[in-house]
Amino acid sequence: MSERRATRLLSVDRSAVRYEKKRRGDDAERALLKELAAERRRFGYRRLREMARRRGIVMNLKKVWRLYREEGLKVRRRGGRKRAIGTRAPLEKARRPNAIWVLDFVSDALESGRRFRVFNVEDQFTRRGLGVEIDTSLPGKRIVRVLDRLVAVWGKPAMIVSDNGTELTSNAMLRWTTESGIDWHYIAPGKPMQNGFMESFNGKLRDECLNEHVFGSLVEARRVIEAWRIDYNEVRPHSSLRYQTPEEFAAAWRASQNGKEPNGSDAPFTSACPRARGCQGQAFGALRASLTAPARDGVEPMRPGRQDGSAGAEQKDCDEDQSVNRFNL
């Protein structure tokens, strides 16, 4: 049977039968995606597409997904721990920089098996990682010194949100909040998602940094984690910020104020951003105090401890005084 008669019986156009696809090769795009995926092993296809766009390669999202799937670049889900299940309490959302700081701890181990802890502080509005402190022990007095350094750089926040860890409910911490005049909100025990912004930051830190490196020493851990924090602030696109970096989002927010004079809490962000960018890839120098100072940094001759009473007893006293409860919204 001729082609003409067959296409007439099937009601198909002859040009459709003779059509040969002329799609150009995707070798350049495939190579770029593979390169980005090797560099950022925990990035999905949407974030890889944004990184490719920054290099001048614009691709349709469906095309990125096709190449991503064909090259087998899918991120493997890690096995996670069981988490407590419960209702989520509403968390107040910040409307400007320095309105709310969120903080928490992450634990990891060196190659030798020795455990160490990472204390993280993030600005809820800009998603900027304000600082990290890393050591084998981080008692309450050490945390107070870290917060004093951060306040000196970024300014004093209106509120701090945290869980009920012993370091954060110690006598030294409660005394510091009273003297500084900062409102402190403790989330309900067993409900970490009431501090969801910090949980998200900790998850990215563990997934993209801690799980990707084997640290031989505390010095190496401090160097690598601090480099990741700077990359997180200045390079990594954030889907919650419409794929901007925290630095770009903070700059756009300042520009949107149309020349309004910032108040006391916003002013430090105008002066601190260039200083933070100037420290990229370097240890913190004379511009601002080191955020990874050793435990015995000369401020106190001995490792601080809870000698003034039980942190739990102090927290109980605060709970009983409902008339001056500063820590609950």
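About the cut-offs
Residues numbered from 1 in each chain as written. Predicted model: local features only at pLDDT ≥ 70, side-chain atom pairs only at ≥ 80, totals over all residues. Heavy atoms only, no water. Helix = DSSP H or I, 4+ residues; strand = E, 2+ residues; numbered from the N terminus. Areas by Shrake-Rupley, 256 points an atom, 1.4 Å probe, with all protein chains shown as cover. Salt bridge = Lys/Arg side-chain N within 4 Å of Asp/Glu carboxyl O. Polar contact = N/O pair within 3.5 Å; in protein donor to acceptor, adjacent residues only side chain to side chain. Contact = heavy atoms within 4.5 Å. Buried < 20%, exposed > 50% of the residue type's maximum accessible area, 1.4 Å probe, protein only. Core = buried A, V, L, I, M, F, W, Y, C linked by side-chain atoms within 4.5 Å. Patch = residues over 30% accessible without salt bridge, like charges linked within 9 Å, V, L, I, M, F, W, Y side chains within 5 Å. Axes fitted to C-alpha atoms, helices over the stretch in contact; angles between N-to-C directions. Parallel < 35°, antiparallel > 145°, perpendicular 65-115°, else oblique. Left-handed = near helix turned anticlockwise from the far one by under 90°. Nonpolar A, V, L, I, M, F, W, Y, C, P; charged D, E, K, R; others polar. Expected span 1.5 Å × (residues − 1).

S.K.: Teacher, can you tell me more about the overall build of the protein chain here?
M.R.: Helix and strand content of the protein chain: 12 helices and five strands. Surface summary for the protein chain: the accessible area is close to 18800 Å², and the carbon and sulfur share equals 50%.

S.K.: Teacher, can you tell me more about the pattern of salt bridges here?
M.R.: Any two side chains of opposite charge can pair, given that their charged atoms come close. Taken as a whole, this structure holds 24 salt bridges when the rule is applied. The salt bridge partner of Asp 26 is Arg 66, with a shortest N-O separation of 3.1 Å. Separated by 40 residues along the polypeptide, Asp 26 in the loop between helix H2 (14-18) and helix H3 (27-39) and Arg 66 in helix H5 (residues 61-70) bring together distant segments of the chain.

S.K.: What should I look at first to understand the side chain of Glu 167 in this one?
M.R.: Topologically, Glu 167 is positioned in the loop between strand E4 (159-162) and helix H7 (171-180). Side chain to side chain, Glu 167 and Arg 117 meet in a polar contact 2.3 Å long. With residues near it in sequence (within four places) discarded, Glu 167 still touches Phe 105, Arg 117, Leu 138, Pro 139, Gly 140 and Met 173.

S.K.: Is there a simple way to think about the environment of Ser 239 in this case?
M.R.: Tracing the sequence through the fold places Ser 239 in the loop between helix H9 (218-234) and helix H10 (246-256). You can call Ser 239 partly exposed: its relative accessible area is 44%. Considering only alpha carbons, one finds Ser 239 and Arg 46, 193 residues apart in sequence, at a separation of 8.8 Å.

S.K.: Which parts of the structure should I look at to understand the nonpolar core?
M.R.: A general trend in soluble globular proteins is that nonpolar side chains are found buried together. Ranked by size, the top nonpolar core spans 29 residues in total, and within it Ile 100, Phe 116, Val 118, Leu 205, Phe 215 and Ile 225 carry the most contacts. For this core, the elements supplying multiple residues, two or more each, are strand E1 (100-109), strand E2 (115-123), strand E3 (129-135), E4, helix H8 (196-208), H9 and H10. The dominant element in this core, judged by the number of residues it contributes, is H9, at six residues. When sequence neighbours within four positions are dropped, the list of residues in contact with Phe 116 reads Val 106, Ser 107, Asp 108, Ala 109, Leu 110, Ile 134, Asp 135, Thr 136, Phe 215, Leu 218, Ala 221 and Ile 225. Counting residues in each nonpolar core, the second largest holds 23 residues, with Val 153, Leu 168, Met 173 and Tyr 186 among its members.

S.K.: Just checking my understanding: could you explain the environment of His 238 for this structure?
M.R.: Tracing the sequence through the fold places His 238 in the loop between H9 and H10. Residue His 238 is classed as buried on the basis of its relative accessible area of 3%. A C-alpha to C-alpha distance of 9.7 Å links His 238 and Phe 249, two positions 11 residues apart in sequence.

S.K.: Teacher, can you tell me more about a nonpolar patch on the surface here?
M.R.: A cluster of nonpolar side chains, namely Met 1, Leu 9, Leu 10, Val 12 and Val 17, defines an oily patch on the protein surface of about 550 Å² accessible area. By secondary structure assignment, the location of Leu 10 is in helix H1 (residues 3-10). Taking the relative accessible area as the measure of exposure, Leu 10 reaches 64% and is therefore exposed.

S.K.: Help me understand the packing of helix H4 (residues 45-54) against H5 in this model?
M.R.: When two helices pack together, you describe them by how their axes are tilted relative to each other and by the distance separating the axes. Look at H4 against H5: their axes get within 10 Å of each other, and the N-to-C directions meet at 115°. What the angle tells us is that H4 and H5 run roughly perpendicular. Here the hand of the crossing between H4 and H5 comes out right-handed. Contacts from Tyr 45, Arg 46, Leu 48 and Arg 49 of H4 reach H5 at Leu 61, Val 64, Trp 65 and Tyr 68. Here the contact of H4 with H5 is composed, by residue class, of six nonpolar, no polar and two charged.

S.K.: What am I meant to see in unusual backbone geometry here?
M.R.: Working note: non-glycine residues mostly have negative phi, and peptide bonds are mostly trans. Within the chain, Asn 98 stands out as a residue other than glycine whose phi angle is a positive 65°. With respect to the secondary-structure elements, Asn 98 resides in the loop between H5 and E1. One non-glycine residue, Arg 127, adopts positive backbone phi at about 60°. Here Arg 127 shows up in the loop between E2 and E3.

S.K.: Sorry, what's going on with H8 here?
M.R.: Helical geometry: 3.6 residues make up each α-helical turn, so side chains three or four residues apart lie on a common side. Taking 1.5 Å of rise per residue, 13 residues should cover 18 Å, and H8 covers 18 Å from first to last C-alpha, within 8% of that figure. Where the residues of H8 are buried, they touch E1, E2, E3 and H9.

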